[in-house]
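Here is what each chain is made of, one letter per residue.
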Amino acid sequence: MADLLTLENATNLLMLCFLQAVLGFDNLLYISIESQRAPVAQQKSVRTWGIMIAVGLRVVLLFTMIKLIDALAEPFFIMNWEGVLEGGVNFATIVFVLGGIFIMYTAVKEIAHMLSMDNLGHDVDGKSGKSAVQVVVLIVIMNLIFSFDSVLSALAITDVFPILATAIILSGLAMLLLADGVTRFLEKNRMYEVLGLFILLIVGVVLLGEAGPAAAHAVHDDTLNIKIFGRDLIPMSKTTFYFSVVVLVAVEVIQSGYSRKLNAQRQAEQKH
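Just so we're clear, the structure is a prediction, and the values are computed from it rather than from any experiment.

Rules used in this analysis
- Residues numbered from 1 in each chain as written.
- Predicted model: local features only at pLDDT ≥ 70, side-chain atom pairs only at ≥ 80, totals over all residues.
- Heavy atoms only, no water.
- Helix = DSSP H or I, 4+ residues; strand = E, 2+ residues; numbered from the N terminus.
- Buried < 20%, exposed > 50% of the residue type's maximum accessible area, 1.4 Å probe, protein only.
- Contact = heavy atoms within 4.5 Å.
- Areas by Shrake-Rupley, 256 points an atom, 1.4 Å probe, with all protein chains shown as cover.
- Polar contact = N/O pair within 3.5 Å; in protein donor to acceptor, adjacent residues only side chain to side chain.
- Expected span 1.5 Å × (residues − 1).
- Pairing = 2+ DSSP bridges.

Helices and strands together make up the secondary structure of the protein chain, namely ten helices and four strands. When the elements of the protein chain are put in sequence order from the N terminus, they spell out α-α-α-β-β-α-α-α-α-α-α-β-β-α. Considering the protein chain as a whole, with its 272 residues, one finds that 41% of them fall into the buried category. Intrachain contacts of the protein chain at a sequence separation of at least 6 include 84% that bridge at least 24 residues. Counting only carbon and sulfur atoms, one obtains 68% of the accessible surface of the protein chain, whose full area is about 15000 Å².

Our next topic: unusual backbone geometry. Unlike most non-glycine residues, H220 shows phi in positive territory, near 55°. Within the chain, F229 stands out as a residue other than glycine whose phi angle is a positive 55°. Checked against the element boundaries, F229 lands in the loop between β3 (227-228) and β4 (231-232). Under the relative-accessibility criterion, F229 is labelled exposed at 62%.

On to the side chain of T93, then. Along the chain, T93 falls in helix α4 (residues 91-116). Within polar-contact distance, the side chain of T93 engages the side chain of N90 at 2.8 Å.

End to end, helix α10 (residues 238-271) covers 50 Å across 34 residues, agreeing with the expected 50 Å (1.5 Å per residue, within 8%). Listing the buried residues of α10 in full gives F241, V245, E252 and S256.

Once that is clear, we can look at the pairing of strand β1 (residues 77-81). Here β1 pairs with strand β2 (residues 85-89) via five bridges, running antiparallel. Within β2, the position partnered with N80 by the bridge is E86.

Take the sheet that holds β4 next. On the basis of which strands lie adjacent, the open sheet formed by four strands has the order β1-β2-β3-β4 and antiparallel pairing. Each end of this open sheet is capped by a strand with a single partner; those strands are β1 and β4. Here β3 pairs with β4 via two bridges, running antiparallel. Looking at the pairing, I228 lines up with R231 of β4.

So this is what it looks like as structure tokens:
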């Protein structure tokens, strides 16, 4: 135990907590939006159980990856459609591709649903498109998909399992504390739910980009990087992603403020 209480491990824990917070924003956003598809009376418990189960499974995933990282890293298929589709495929590639497609599908479906609604108020009060169990299962699955990049990044910092597990548990507690607040904010400000869905759409693109070098980085062979029509599939940097999020939020805030100002001006003109 004394071996764990070192300055290096304490520094690594702080870095990991920061990393989990940064990489966990998109996860929390997904949980807040997806939980609203459950019956209203069960949405809070859905978020709580979904996060708790997902965090527990994330620790299991971390332990498994530490033990089996070498076995998972080896590409099991090489695409060799010259000039069209080339590169290596490993377990991480499959996870990123399926996760990205599913998140993009979820975002597009929810955007289409919101555009087709006749009564926004009824939609807020009566959302019950999925059962509580279905939503919990989706939250757990997507949490594991979201956690894949953060787990891999965490392993690059340290391989001390207790430190890694502590950072994951602390991030889970933070999500439990913030999930209800994020959900309440989205319910009161419906325009930001649309913003959140577009951010999820970008997250799906990010995950698809991560699939490009997954096999190449795992075995340190750049020739295995996925190429589409002769061009490398390059992941979006986290800096670019969060800059895009900040720009989208800033545009929405400015546009909302301007719309309120215009509405107030029109109402004042109608009174006179």
